Amino acid sequence: MFSVTEIGKNAGVVWQELHRAVNPQSYDHLKSATGLGDVELAAAIGWLAREDKLSIYEENGRLLLGLSPMNYYI
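Residues numbered from 1 in each chain as written. Predicted model: local features only at pLDDT ≥ 70, side-chain atom pairs only at ≥ 80, totals over all residues. Heavy atoms only, no water.

Undergrad: Requested: an account of the side chain of Thr34, with residues and values cited.
TA: Structurally, Thr34 can be placed in helix 2 (residues 27-34). On the basis of relative accessibility, which here comes to 16%, the residue Thr34 falls in the buried class. Looking at Thr34, its side chain comes within polar contact range of the main-chain oxygen of Leu30, at 2.6 Å. (Helix = DSSP H or I, 4+ residues; strand = E, 2+ residues; numbered from the N terminus. Buried < 20%, exposed > 50% of the residue type's maximum accessible area, 1.4 Å probe, protein only. Polar contact = N/O pair within 3.5 Å; in protein donor to acceptor, adjacent residues only side chain to side chain.)

Undergrad: How would you sum up the nonpolar core? Please name residues and give values.
TA: Counting residues in each nonpolar core, the largest one holds 13 residues, and the members touching the most others are Val14, Leu18, Leu30, Leu41, Leu48 and Leu54. Secondary structure elements with two or more residues in this core: helix 1 (4-20), helix 3 (38-50) and strand 3 (62-67). (Core = buried A, V, L, I, M, F, W, Y, C linked by side-chain atoms within 4.5 Å.)

Undergrad: Could you give me a rundown of the packing of helix 2 against helix 3, with the residues and numbers involved?
TA: A pair of packed helices can be characterised by two numbers: the angle between their axes and the separation between those axes. One way to put it is that helix 2 packs onto helix 3 with a least axis distance of 10 Å and a crossing angle of 110 degrees. Classified by the angle between their axes, helix 2 and helix 3 sit roughly perpendicular to one another. For the pair helix 2 and helix 3, the sense of crossing is right-handed. Contacts from Tyr27, Leu30 and Lys31 of helix 2 reach helix 3 at Asp38, Leu41, Ala42 and Ile45. When grouped by side-chain class, the residues that make up the contact of helix 2 with helix 3 number five nonpolar, no polar and two charged. (Axes fitted to C-alpha atoms, helices over the stretch in contact; angles between N-to-C directions. Parallel < 35°, antiparallel > 145°, perpendicular 65-115°, else oblique. Left-handed = near helix turned anticlockwise from the far one by under 90°. Contact = heavy atoms within 4.5 Å. Nonpolar A, V, L, I, M, F, W, Y, C, P; charged D, E, K, R; others polar.)

Undergrad: Give me the lowdown on the packing of helix 1 against helix 2, citing residues and values where you can.
TA: It is at 10 Å that the axes of helix 1 and helix 2 come closest, and there the two elements cross at 110 degrees. With respect to helix 2, the axis of helix 1 lies roughly perpendicular. Relative to helix 2, helix 1 is oriented so that their crossing is right-handed. The residues of helix 2 that touch helix 1, namely those facing Val13, Val14, Glu17 and Leu18, are His29, Leu30, Ala33 and Thr34. Residue composition of the contact of helix 1 with helix 2, by class: five nonpolar, two polar and one charged.

Shown next as structure tokens:
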């Protein structure tokens, strides 16, 4: 069973990875780069999506994720 704290922590890991990236990243890349399993990554993506922090694209049948433009603070 996952705790809300763990899901939030994993969301932070995914956010940091996307923040470092220049372009939107694939699910597979995020899974590899973060070391999260499918369930942990999906929960983290859901958390970030619910907070409107993600832009989600589909390109050539691939799911791509990036940070929403409003999430880049000065």
